[in-house]
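Structure at a glance
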Amino acid sequence: MKITIFGSGYVGLVTGACLADVGHQVMCVDVDQDKVARLNAGEVPIYEPGLEDLIGKNKAAGRIEFTTDAAKAVEFGLLQFIAVGTPSDEDGSADLKYVLKVAETIGQYMNDYKIVVDKSTVPVGTASKVERTIAAELEKRGVDLEFDVCSNPEFLKEGAAIEDFSRGSRIVVGTDSERVKQAMLECYGPYNRQRDKMMFMGVRSAELTKYAANAMLATKISFINEVANLAERLGADVEEVRHGIGSDPRIGYSFIYPGCGYGGSCFPKDVKALAHTAEEIGHPAEMIKAVERVNARQKNKLFEKLCQAFDGQLAGKTIAIWGLAFKPNTDDMREAPSRALIEALWDAGARVQAYDPEASDECRRIYGERDDLVLAERRDDTLEGAHALVICTEWKAFRTIDFAELHDKLEEPVLVDGRNLFQPETVKRAGLAYYGIGRGDSVRPVLA
């Protein structure tokens, strides 16, 4: 099939590369000339494991191309995927200006039947808005052309997006059109051979499914963090509790890892958007709002634990931070817990020495060059002159530490484990003060 994808960001590039990899002809279009030039030069502007190789292979095979020519792109594909950003507006709603701009563009240039596929995460009712926008442009042109709009939400985890696209548990398509169903079956056929993963439903149901899925996962994270906060006050270990409840198949182990809050481009934005949608229709959505509040509070936990360790005296201290991205295997720092911690430390007069395997450039882009921020080239370089170490992101490179060496390198023996990577007693035996999430901050070192 010939497929056009508007937007060469995270979703657009993964979708385009994966569809090209099974033999489709894909044209990705973007308004950012610099980004398109970089992609045509073989440079992928985001970090996602395996994506650069996949794009390079399919570009060499002539199955994927990148352009800024919208008219050419609209002419190219029967399927017109909209995969542009939907950032949070000031009121928490999803900003649809980029989605509707693409719809307008399609209406301006289409000359035959098109199937417009909403791949971006959009609120319920967006397909109707896209349909009206295209129809309005066709009316301006004085032409009568058939088209359909369907919803095909993405369920990609950053850091595992190619695997999710290729071997995901379901492919959701919202449509009532048999013509659209057949086209989408052909589009996803290569990824639908082992078992039928296609789930056809109403357009509005598909739009809500995406938000409901992310809100459910965010709820599990906020729930276990709330339990962790209880465990700290009750003398329990939340990791033991996690194993106890996760063994129940009705609950399971996924997304019940306590930590310093969720971040990224999806959960924070989508929870806000769903809460805003609920307000618009007069439904209070109390649980969804509580999920957001708990997460916002949890992002302050690491700073609170440092204040506890140093009796609130952080001015002049140097804090080593391992992990800047909101999760491993990405360079994405949007809504990352590390940002809340870094900014709170600066406000308290502390200095930060940080390391991340992929996100240092992104951190530099966000904060620029500062005297109170050092971005180290190696993990252990952050420890020189540091008074404490904080684990923000659970990269594999952080899971093994020589605690005796860590004790000797730190100016003061304090470890704040924001992802519960270590056993408190093991850290304690090395003479370090250990502060985990929901594990009891009364764990003190044996050695002075």
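This one's a predicted model, so the numbers in the text were calculated from it and none came from an experiment.

Each value, and the rule that gives it
- Residues numbered from 1 in each chain as written.
- Predicted model: local features only at pLDDT ≥ 70, side-chain atom pairs only at ≥ 80, totals over all residues.
- Heavy atoms only, no water.
- Helix = DSSP H or I, 4+ residues; strand = E, 2+ residues; numbered from the N terminus.
- Buried < 20%, exposed > 50% of the residue type's maximum accessible area, 1.4 Å probe, protein only.
- Contact = heavy atoms within 4.5 Å.
- Areas by Shrake-Rupley, 256 points an atom, 1.4 Å probe, with all protein chains shown as cover.
- Lys, Arg positive; Asp, Glu negative; His and termini not counted.
- Charge placed at Lys NZ, Arg CZ, Asp CG, Glu CD.
- Polar contact = N/O pair within 3.5 Å; in protein donor to acceptor, adjacent residues only side chain to side chain.
- Pairing = 2+ DSSP bridges.
- Axes fitted to C-alpha atoms, helices over the stretch in contact; angles between N-to-C directions.
- Patch = residues over 30% accessible without salt bridge, like charges linked within 9 Å, V, L, I, M, F, W, Y side chains within 5 Å.
- Salt bridge = Lys/Arg side-chain N within 4 Å of Asp/Glu carboxyl O.
- UniProt positions renumbered as here; feature names shortened; annotations may be inferred.
- Parallel < 35°, antiparallel > 145°, perpendicular 65-115°, else oblique.
- Nonpolar A, V, L, I, M, F, W, Y, C, P; charged D, E, K, R; others polar.

Regarding the overall build of the chain
From N to C terminus, the chain includes 17 helices and 14 strands. Taken along its principal axes, the extent of the C-alpha atoms in the chain is 80 × 45 × 40 Å. A total of 448 residues make up the chain; the buried ones form 54% of that total. For the chain, the proportion of contacts with a sequence separation of at least 24, taken over those separated by at least 6, is 72%. Per element, the accessible surface of the chain, about 19,900 Å² overall, is 48% carbon and sulfur. Positive and negative charge centroids in the chain, built from 55 and 71 side chains respectively, lie 3 Å apart.

Quick look at the side chain of Gln-353
By secondary structure assignment, the location of Gln-353 is in strand E10 (residues 351-355). A polar side-chain atom of Gln-353 sits 2.7 Å from the main-chain carbonyl oxygen of Thr-382. Among all residues touching Gln-353, those that are not within four sequence positions of it are Thr-318, Ile-319, Ala-320, Ile-321, Val-374, Asp-381, Thr-382, Leu-383, Glu-384 and Ala-386.

A look at the side chain of Ser-265
Locating Ser-265 in the fold gives a position in the loop between helix H10 (238-246) and helix H11 (267-280). Using a relative accessible area of 16% as the deciding quantity, one classes Ser-265 as buried. Within the structure, the side chain of Ser-265 is placed 3.3 Å from the side chain of Glu-158, a separation counted as a polar contact. Residues in contact with Ser-265, not counting those within four places in the same chain, are Glu-158, Asp-332 and Arg-334.

A few points about the sheet that holds strand E11 (residues 373-375)
Taken together, six strands build an open sheet; the order of strands is E11-E10-E9-E12-E13-E14 and the sheet is parallel. At either end of the open sheet lies a strand with only one pairing partner, and these are E11 and strand E14 (433-435). Within the sheet, the average angular offset between the axes of one strand and its neighbour, ignoring direction, is 20°. In this sheet, E10 lies alongside strand E9 (residues 318-322) in parallel orientation, the contact comprising five bridges. Bridge pairing links Ile-321 to Ala-354 in E10.

A few points about a negative patch on the surface
A contiguous patch of negative charge, built from Asp-89, Glu-90, Asp-91 and Glu-280, is present on the exposed surface. Turning to its location among the elements, Asp-89 is positioned in the loop between strand E4 (79-82) and helix H5 (97-109).

Overview of the pattern of salt bridges
Taken as a whole, this structure holds 32 salt bridges when the rule is applied. Across the pair Glu-239 and Arg-242 runs a salt bridge whose closest N-O atoms are separated by 2.9 Å. Here Glu-239 pairs with Arg-242, and both are found in helix H10, just three residues apart, close to one helical turn. The residues Glu-239 and Arg-242 share a single accessibility class, namely buried. The closest approach of N and O atoms between Arg-365 and Glu-362, which form a salt bridge, is 2.8 Å. Pair noted here: Arg-365 and Glu-362 are both in helix H15 (residues 360-367), with a separation of three residues, about one helical turn. Owing to a relative accessible area of 60%, Arg-365 belongs among the exposed residues under this scheme. One network of salt bridges, in which partners are shared, links Asp-361, Arg-364 and Glu-369.

Focus on the UniProt feature "domain: UDP-glucose/GDP-mannose dehydrogenase C-terminal" (unreviewed entry) in the chain
Sites flagged by UniProt as "domain: UDP-glucose/GDP-mannose dehydrogenase C-terminal" (unreviewed entry) map to residues 320-424. Across residues 320-424, the secondary structure splits into 26% helix and 18% strand, with the terminal C-alpha atoms separated by 19 Å.

Description of the packing of helix H13 (residues 301-309) against helix H14 (residues 337-347)
Packing of H13 against H14 brings their axes to within 8 Å, and their N-to-C directions diverge by 40°. Classed by the angle they form, the pair H13 and H14 counts as oblique. Touching Leu-302, Phe-303 and Leu-306 of H13 are Leu-341, Ala-344 and Leu-345, all from H14. Considered class by class, the residues forming the contact of H13 with H14 number six nonpolar, no polar and no charged.

Here we look at unusual backbone geometry
You will see that Ala-285, though not glycine, has its phi angle at about 45°, which is positive. Of note in the backbone geometry, Asn-420 takes a positive phi value of approximately 50° without being a glycine. As for its placement among the helices and strands, Asn-420 is situated in the loop between strand E13 (414-417) and helix H17 (424-429).

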